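This is what each chain is made of:
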Amino acid sequence: MICDAAVPLAPPAALSAPAPAVPGGSDVVLVVDDVPDNLAMLHDALDESGYTVLLATRGEAALQRAAQALPDIILLDALMPGMDGFEVARRLKAAPATAHIPIIFMTGLTETEHLVAALEAGGIDYVTKPIKPREVLARMGVHLGAARRARQDASQAHQARNALDAFGCASITLRAGDGRILWQTPLARELLQGWFGATGPWAPESVRDWLRCHVLAENSAGPPAPARAEPAQLNVEQGARRLTFRLHQQAGDSAGGGDWLIVMRESSDAQIIGSMGLAFGLTAREAEVLYWVVKGKINRDIGAILGASPATVKKHLERVFAKLGVETRTAAAAMALNRVRLLHPQFGG
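Residues numbered from 1 in each chain as written. Predicted model: local features only at pLDDT ≥ 70, side-chain atom pairs only at ≥ 80, totals over all residues. Heavy atoms only, no water.

Asks: Help me understand the side chain of Asp-33 in this model?
Replies: Along the polypeptide, Asp-33 turns up in the loop between strand E1 (28-32) and helix H1 (36-48). For Asp-33, a relative accessible area of 0% corresponds to the buried category. A distance of 3.3 Å separates a polar atom in the side chain of Asp-33 from a polar atom in the side chain of Lys-129. If near-sequence neighbours (up to four positions away) are discounted, Asp-33 is found in contact with Asn-38, Leu-39, Ala-56, Thr-57, Asp-77, Met-80, Met-106 and Lys-129. (Helix = DSSP H or I, 4+ residues; strand = E, 2+ residues; numbered from the N terminus. Buried < 20%, exposed > 50% of the residue type's maximum accessible area, 1.4 Å probe, protein only. Polar contact = N/O pair within 3.5 Å; in protein donor to acceptor, adjacent residues only side chain to side chain. Contact = heavy atoms within 4.5 Å.)

Asks: Could you clarify how one ought to interpret the packing of helix H10 (residues 284-294) against helix H11 (residues 299-306) in this entry?
Replies: A packed helix pair is summarised by two numbers, namely the angle formed by the two axes and the spacing between the axes. The geometry of H10 relative to H11 is characterised by a closest axis approach of 10 Å and an angle of 130 degrees between their N-to-C directions. Between H10 and H11, the interaxial angle falls into the category oblique. Seen along the crossing, H10 lies across H11 with a hand that is right-handed. Judged by residue contacts, Arg-285, Glu-288, Val-289, Trp-292 and Val-293 of H10 engage Ile-302, Ile-305 and Leu-306 from H11. By residue class, the composition of the contact of H10 with H11 is 6 nonpolar, no polar and 2 charged. (Axes fitted to C-alpha atoms, helices over the stretch in contact; angles between N-to-C directions. Parallel < 35°, antiparallel > 145°, perpendicular 65-115°, else oblique. Left-handed = near helix turned anticlockwise from the far one by under 90°. Nonpolar A, V, L, I, M, F, W, Y, C, P; charged D, E, K, R; others polar.)

Asks: Teacher, can you tell me more about the pattern of salt bridges here?
Replies: Opposite charge on two side chains permits pairing when their charged atoms draw close. A full pass over the atoms with the stated rule returns 14 salt bridges. Notably, a salt bridge pairs Arg-58 with Glu-60, separated by 3.8 Å at the nearest N-O pair. Exposure remark for Glu-60: the relative accessible area of 42% places this residue in the partly exposed category. Between Asp-178 and Arg-175 there is a salt bridge whose closest N-O contact spans 2.8 Å. Judged by relative accessible area, Arg-175 falls into the partly exposed class, the value being 31%. Among the ionic contacts, a cluster of salt bridges with common partners joins Asp-33, Asp-77 and Lys-129. (Salt bridge = Lys/Arg side-chain N within 4 Å of Asp/Glu carboxyl O.)

Asks: Where do I start with the packing of aromatic side chains in this structure?
Replies: Aromatic ring pairs are described here by two measures, namely the spacing of the ring centres and the angle between the planes. Within this structure, the stated rule accounts for 4 aromatic pairs. With 6.4 Å between their ring centres and 55 degrees between their planes, Trp-210 and Phe-245 make a pair best called tilted. With a gap of 35 residues between them, Trp-210 in helix H7 (residues 205-219) and Phe-245 in strand E9 (residues 241-251) connect regions that are remote in the sequence. What makes Phe-245 buried here is its relative accessible area of 0%. When the centroid spacing of 4.7 Å and the interplanar angle of 85 degrees are considered together, the rings of Tyr-291 and Trp-292 count as edge-to-face. For Trp-292, a relative accessible area of 4% puts it in the buried group. An aromatic cluster of at least three residues, connected via ring pairs, comprises Phe-196, Trp-210 and Phe-245. A cation over an aromatic ring shows up here: Arg-180 above the ring of Trp-202, its NZ or CZ 5.0 Å from the ring centre. (Phe/Tyr/Trp six-rings, centres within 6.5 Å; stacked < 30°, edge-to-face > 60°. Lys NZ or Arg CZ within 6 Å of the ring centre and 35° of its normal.)

This is the structure:
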């Protein structure tokens, strides 16, 4: 139920009637006060300043009008009969649709505990009674500007996320403080499920630890260090497959480390193994053994990866040495690495 500023100020009984939709083009202010004289004064001052004004005299009506009209800002009386302003603010902040709306309390209470209660209930500011319209307008201007910038940032972030979705990127937004995944693309959800079995709201422990180390490095005192310039990527490997995590940008404020957009990329060195086999005339299994030798693995580790005994790996490796014309692991690894990098410059070995 809405009372538009274009309609003459009505007595409280008439305020409960439905009203026309709010016109666009100006900031919308919801004024909540059980005293008609206060409503009249604020209505006139705000209307003259170009705002669209909605009015409510009770907490229940305020909640209904806020949910229906989604005003840009709310001026809220702290003490009203029935549901007081503190409870109204708590309910507004608990509802996702209205949680973003800045609330300025209007109160005759000046003791510290009452002002603290107003802020703890969700108020962003307060003005004391008797109300001074010029002071209210000045404070509203500050908070409306901040809210507008926040909406623009949120809109840009939303567009960026939509673009990542559209291009099939695997990306997540992760809160550094507790490791909670705030948002993820469908591909990211699929990768996390496949690699970690993760279906809940929390990132895998290795990812949380990696991000936490970066945040600690960023917040540490002293001159800039390489670790604080650009964090090393996180690589998780399963056989010849690799899942890479890269920090893209920080979102939101930096409290507790902030929220981070992380881009994930899955890759496989199957092509590398195939190239080794073709270059040196190796069987598929011999090429796999040589690949893991290049990676610095010993026979026992290679056997565990390939599901073979160390003795079997040794026999494969002996045939690899013969085909490459070398006698040591180091020589075989160096020859293979040099050849592969000609074909695959991105391969790090």
